[in-house]
Amino acid sequence: MSFGFASPWWLLLAAGALLPWLRSGQPTADYSSATMIPEDRLSAALDRGLRAFASLALLALAAGVARPYALEQWEERLGTGAHIVLLMDRSSSMNENFSGRYLGGTSGESKNAVARRLLADFVQRRSDDLFAMVGFSAAPRYVMPLTQDREAVLAAIDSIGDRGHGITNIAPGLAMALDFFNGKPVTGARIVLLVSDGATRIEDESQDLLRQWFQDNQARLHWIYLRSKNSAALGRAPTGSSENASSEYLLHQYFQSLGVPYTAYEAENPQAVEDAIADVERLANQPLRYFEKIPKQDLSGVFYALALTLLFPLLAAKSLEVRRW
Amino acid sequence: MIPEFHYRVRWRASGAHPGRHASHQTGGGYEFAGHVPLATFPDPRNIDAHATLNDPFGQLMVKTFRQRSAIPVFVLADLSASMNFAGKPQMLAELAAAAAYSAYRSGDPFGLIVCGEAIRWDLSLPLRWHKGGLPSDTAESLAKIRPSSRNASALGEAIPHLGRGKALVLLVSDFHLDDSFLEILLDALRPHDVVPVAVWSPAEYESLPDWGLIHLRDPETGRQRRLFMRPSLKLRFRETFRARRERLIELAARHGAREPFFLEGRFDAEALTRYFYET
């Protein structure tokens with residue numbers, strides 16, 4: 001703890017704390033002879049006590065007038081609830097199922113529907129967390145800011161809908177997801193949960209910017225990569241020279257270079273998606289130690305209260321004074 | 001009306017001036033002193049036939065008598081600041097007026113010496129027959145006085161002004177004095193008949209509040225004490241004053257003064273008369 005005074009010159013008033021030791025504050029009555037006054041230790045102690053009270057009260061008042069404050073400080077806290085931004089791919093490829101088809105009797109659930117169902121379950125289970133939702137395809141779509149309202153989050157997940165369209169453009173989506181953390185206190189783990197089935201290349205400038213924002217916001221990234229049979233694997237380096245074919249691999253490489261905790265899950269079927277989400281849940285359960293900034297606090301009220309409590313006995317003593325008899 | 005008290009001394013006055021008190025002086029009176037030859041005391045009115053016939057030498061014998069004489073009466077007042085307490089100056093003024101008036105009524109000369117750090121001659125009176133008691137201007141200024149001296153050291157200086165003859169000295173003070181100073185003073189006053197008159201006020205010990213905070217200041221030393229009054233402390237005040245009273249009686253007895261007379265709260269002339277006839 002460190003202290004400061006807004007107007008320290010008023011502390012000169014503290015010299016007034018000497019006054020009670022020089023004068024008692026009670027008018028004197030002339031008495032014939034001091035030698036005839038019997039010694040009384042209780043009276044002497046009471047006299048000293050009252051002087052000390054008056055002195056301390058004056059000190060407290062002087063300190064209060066000088067407006068003391070505690071400087072802003074960082075305090076270590078243990079976060080419980082996570083802040084999770086669901087970054088959901090709603091490009092047209094999400095309409096397909098894991099085998100790459102999107103029509104016909106054997107098509108089953110689309111990737112989109114699987115992701116929504118499992119995410120909804122995930123949201124249901126996590127009652128302590130705050131969720132936000134961003135959909136993206138060619139451009140990001142602002143769906144829902146960070147909220148604790150389950151109904152709203154479930155509705156937002158539902159609103160992604162079956163009918164995806166457009167391409168997968170990750171960078172603006174990530175930027176918007178990170179934007180939700182801006183200006184919010186860090187009270188728990190910050191997680192960007194990216195659910196997508198493909199990737200595009202991110203320009204170099206955007207890469208640097210995103211890396212900076214990830215580090216500023218201390219956010220973690222989990223990428224659930226819904227891989228179709230004919231999509232590229234994350235871990236396999238491209239063999240050809242085509243950049244388009246290896247964009248997932250390059251994105252994976254880039255995410256690893258972000259400097260924040262990052263996990264990628266390759267999910268090739270609904271069961272794998274469920275496992276991936278369970279794993280994310282486990283990671284999100286880890287308590288977060290974080291530092292919170294406590295702003296500068298005005299402490300003068302404390303000193304005024306102290307002065308008041310010290311002045312009450314003095315008032316009582318004043319009412320006990322006898323001046324004539 | 002000025003209160004009056006009667007005083008009596010147990011010694012013979014030496015002064016020639018006729019008065020009320022038994023005296024060594026031979027003269028007109030009723031107290032038979034002895035027979036002397038007419039040649040020694042040529043007063044043929046008092047020739048005693050019986051003594052003349054009995055005288056082996058056949059001389060004419062004369063009866064002699066002792067006259068009654070006046071004695072000087074002094075009031076020696078302490079005017080230190082401690083006397084400026086609840087009604088003490090008033091008691092002092094009343095006592096001085098009563099003493100002057102009583103001296104006038106007894107035909108005795110009266111003197112008043114008021115002492116602070118120095119003798120206050122402006123308030124004092126020389127030894128005279130003051131007709132009708134205390135002069136009114138002295139009485140007025142005494143009633144108005146606010147004692148503020150830091151001590152009463154001039155009491156010692158006043159002793160030469162009491163004269164050579166034995167005098168009745170009313171030493172008026174509250175006797176909140178150093179014991180050593182008091183002993184020296186009483187020793188110096190031994191040639192005289194000293195009546196210590198202790199002027200005390202009940203406000204000093206009897207009528208203090210039972211409860212409360214009081215802040216006392218000694219006007220002579222400037223010392224201050226804040227006291228939390230409660231019945232037990234008040235009892236200790238009374239105890240202190242009772243002990244002081246015994247100490248004063250003991251000091252007076254040891255240093256040749258009469259037993260102190262205590263004026264508590266008000267001046268009572270009859271009590272003073274009783275005091276003179278009892279001691």
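Structure first, text after, so check above.
Residues numbered from 1 in each chain as written. Chains lettered and ligands numbered in written order. Predicted model: local features only at pLDDT ≥ 70, side-chain atom pairs only at ≥ 80, totals over all residues.

Here the focus is the overall build of chain A. Scanning chain A from terminus to terminus reveals 9 helices and 12 strands. By residue count, 33% of the 325 residues in chain A fall in the buried class. When contacts within chain A are restricted to residue pairs at least 6 apart in sequence, those whose partners lie at least 24 apart make up 82%. (Helix = DSSP H or I, 4+ residues; strand = E, 2+ residues; numbered from the N terminus. Buried ≥ 20, exposed ≤ 12 C-beta atoms within 10 Å, placed from the backbone. Contact = placed C-beta atoms within 7 Å.)

A count of helical and extended segments in chain B gives 7 helices and 10 strands. When each of the 279 residues of chain B is scored for burial, the buried share is 39%. Across chain B, every contact between residues at least 6 apart in sequence was considered, and the portion connecting residues at least 24 apart equals 75%.

What follows concerns the sheet that holds strand β2 (residues 29–30) of chain A. The 3 strands are arranged β2(A)-β8(B)-β9(B) in an open sheet whose pairing can be described as mixed. Single-partner strands in this sheet number two, and they are β2 of chain A together with β9 (224–229) of chain B. In terms of strand pairing, β2(A) meets strand β8 (residues 212–217) of chain B through 2 bridges, oriented parallel. When the bridges of β8(B) are listed, A29(A) appears paired with L216(B). (Pairing = 2+ DSSP bridges.)

Another aspect to go through is the interface of chain A and chain B. If you look at the interface, chain A gives 24 residues, while chain B gives 31 residues. Looking at the side of chain A that touches chain B, the elements that each hand over two or more residues are β2, α2 (41–65) and α9 (300–320) of chain A. At 4 residues, the largest contribution of residues to the side of chain A that touches chain B is made by α2(A). The residue makeup of the side of chain A that touches chain B, split by class, is 13 nonpolar, 7 polar and 4 charged. (Nonpolar A, V, L, I, M, F, W, Y, C, P; charged D, E, K, R; others polar.)

The relative placement of two packed helices comes down to the angle between their axes together with the axis-to-axis distance. All names here are of chain B. Helix α3 (residues 136–144) packs onto helix α2 (residues 88–106) with a crossing angle of 160° between their chain directions and a minimal axis gap of 8 Å. Taken together, the axis directions place α2 and α3 in an arrangement best described as roughly antiparallel. Classified by chirality, the crossing of α3 by α2 is right-handed. Side by side, α2 and α3 meet where L92, A93, A96 and A97 of the first sit next to A139, L142 and A143 of the second. A class-by-class count of the residues in the contact of α2 with α3 yields 7 nonpolar, no polar and no charged. (Axes fitted to C-alpha atoms, helices over the stretch in contact; angles between N-to-C directions. Parallel < 35°, antiparallel > 145°, perpendicular 65-115°, else oblique. Left-handed = near helix turned anticlockwise from the far one by under 90°.)

Right, let's get into the sheet that holds strand β6 (residues 130–136) of chain A. All names here are of chain A. Read across the sheet, 6 strands follow the order β7-β6-β5-β8-β9-β10 without closing on themselves; strand pairing throughout is mixed. Of all strands in the sheet, those with a lone pairing partner are β7 (140–147) and β10 (262–267), marking the two edges. Ignoring which end each strand starts from, the neighbouring axes of this sheet average 15° apart. Pairing of strand β8 (residues 190–196) with strand β9 (residues 219–226) involves 7 bridges; the strand directions are parallel. Residue pairing for β9: V195 is matched across the bridge by I224. The strands that helix α4 (residues 150–159) touches are β6 and β7; relative to β7, the one it contacts most, it runs at about 165°. Its contacts with the sheet place helix α7 (residues 247–256) against β9 and β10, and it is angled at close to 155° to β10.

What follows deals with helix α6 (residues 231–254) of chain B. The end-to-end C-alpha separation of α6(B) is 35 Å, in line with the 34 Å expected for 24 residues at 1.5 Å each. The positive-phi residue at the C-terminal boundary of α6(B) is G256(B), with phi of around 75°. (Expected span 1.5 Å × (residues − 1).)

All names here are of chain A. Structurally, the position occupied by I170 is in helix α5 (residues 170–179). Taking the C-beta count within 10 Å as the criterion, I170 has 25 such neighbours and is therefore assigned buried. A sequence separation of 29 residues divides I170 from A199, and the C-alpha atoms of the two residues are 6.8 Å apart. Beyond its immediate sequence surroundings of up to four residues, I170 is in contact with S196, A199, T200, I202 and L251.

Here we take up the packing of helix α3 (residues 111–125) of chain A against helix α8 (residues 270–285) of chain A. Residues and elements named next belong to chain A. α8 packs onto α3 with a crossing angle of 30° between their chain directions and a minimal axis gap of 10 Å. Classified by the angle their axes make, α3 and α8 are roughly parallel. Crossing angle aside, the handedness with which α3 passes α8 is right-handed. Residues V114, A115, L118 and F122 of α3 touch α8, and the partners they reach there are P270, V273, E274, I277 and E281. Split into classes, the residues belonging to the contact of α3 with α8 amount to 7 nonpolar, no polar and 2 charged.

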